[in-house]
Amino acid sequence: MFENLESNYDCANASEDLHQLKQQLEALREQQADSKESQEAINRLENQISFIFNKCDINH
């Protein structure tokens, strides 16, 4: 998981970053952990993925 995605994010890294983020998200979802920490991690990953899609103008 990335610590901080900012407005100066380099979209040249989007393909690799999205791949890594999606893998992390899938792994968390497979654990089916219902803890607050797990849900927060899932939300954070989803937000990071959305940020990259929006920032780099990528269609979902």
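It should be emphasised that the depicted structure is a prediction, and the values quoted were computed from it without experimental measurement.

Details of the overall build of the chain
For step 1, the next point in the chain: Across its full length, the chain holds two helices and zero strands.
For step 2, the next point in the chain: Reported as C-alpha extents along the three principal axes, the dimensions of the chain are approximately 35 × 15 × 15 Å.
For step 3, the next point in the chain: Taken over 60 residues, the chain has a buried fraction of 28%.
For step 4, the next point in the chain: Counting contacts in the chain only where the partners sit at least 6 residues apart, residues at least 24 apart contribute 67% of the total.
For step 5, the next point in the chain: Counting every atom, the chain has about 4,500 Å² of accessible surface; 41% of that belongs to carbon and sulfur.
For step 6, the next point in the chain: Here the chain contributes 5 positively and 12 negatively charged side chains, and the mean placements of these two sets differ by 4 Å.

Looking at helix H1 (residues 14-31)
For step 1, the next point in the chain: Taking 1.5 Å of rise per residue, the 18 residues of H1 would be expected to cover 26 Å, and the 26 Å separating its terminal C-alpha atoms lies within 8% of that figure.
For step 2, the next point in the chain: Looking at H1, one finds that the buried residues are Ala 14, Asp 17, Leu 18, Leu 21, Leu 25 and Leu 28. End-on view of H1: buried residues confined to an arc of 95 degrees, all on one side of the axis. Every exposed residue of H1 that faces more than 90 degrees away from the buried side is listed here: Ser 15, Glu 16, Glu 30 and Gln 31.
For step 3, the next point in the chain: If you follow the buried residues of H1, they end up packed against helix H2 (36-55).

A word on the nonpolar core
Nonpolar side chains tend to gather and get buried jointly when the protein is soluble and globular.
For step 1, the next point in the chain: Of all hydrophobic cores here, the largest spans 14 residues; its most connected members are Tyr 9, Ile 49 and Ile 52.
For step 2, the next point in the chain: Per-element tally for this core: the top contributor is H2, with six residues.
For step 3, the next point in the chain: Filtering out sequence-adjacent residues up to four positions away, Tyr 9 remains in contact with Ala 14, Asp 17, Phe 51, Ile 52, Lys 55 and Cys 56.

Remarks on the environment of Asn 47
For step 1, the next point in the chain: Along the polypeptide, Asn 47 turns up in helix H2.
For step 2, the next point in the chain: For the pair Asn 47 and Ala 27, spaced 20 residues apart in sequence, the C-alpha separation works out to 16 Å.

Cut-offs and rules
Residues numbered from 1 in each chain as written. Predicted model: local features only at pLDDT ≥ 70, side-chain atom pairs only at ≥ 80, totals over all residues. Heavy atoms only, no water. Helix = DSSP H or I, 4+ residues; strand = E, 2+ residues; numbered from the N terminus. Buried < 20%, exposed > 50% of the residue type's maximum accessible area, 1.4 Å probe, protein only. Contact = heavy atoms within 4.5 Å. Areas by Shrake-Rupley, 256 points an atom, 1.4 Å probe, with all protein chains shown as cover. Lys, Arg positive; Asp, Glu negative; His and termini not counted. Charge placed at Lys NZ, Arg CZ, Asp CG, Glu CD. Expected span 1.5 Å × (residues − 1). Arc of directions from axis to C-beta. Core = buried A, V, L, I, M, F, W, Y, C linked by side-chain atoms within 4.5 Å.

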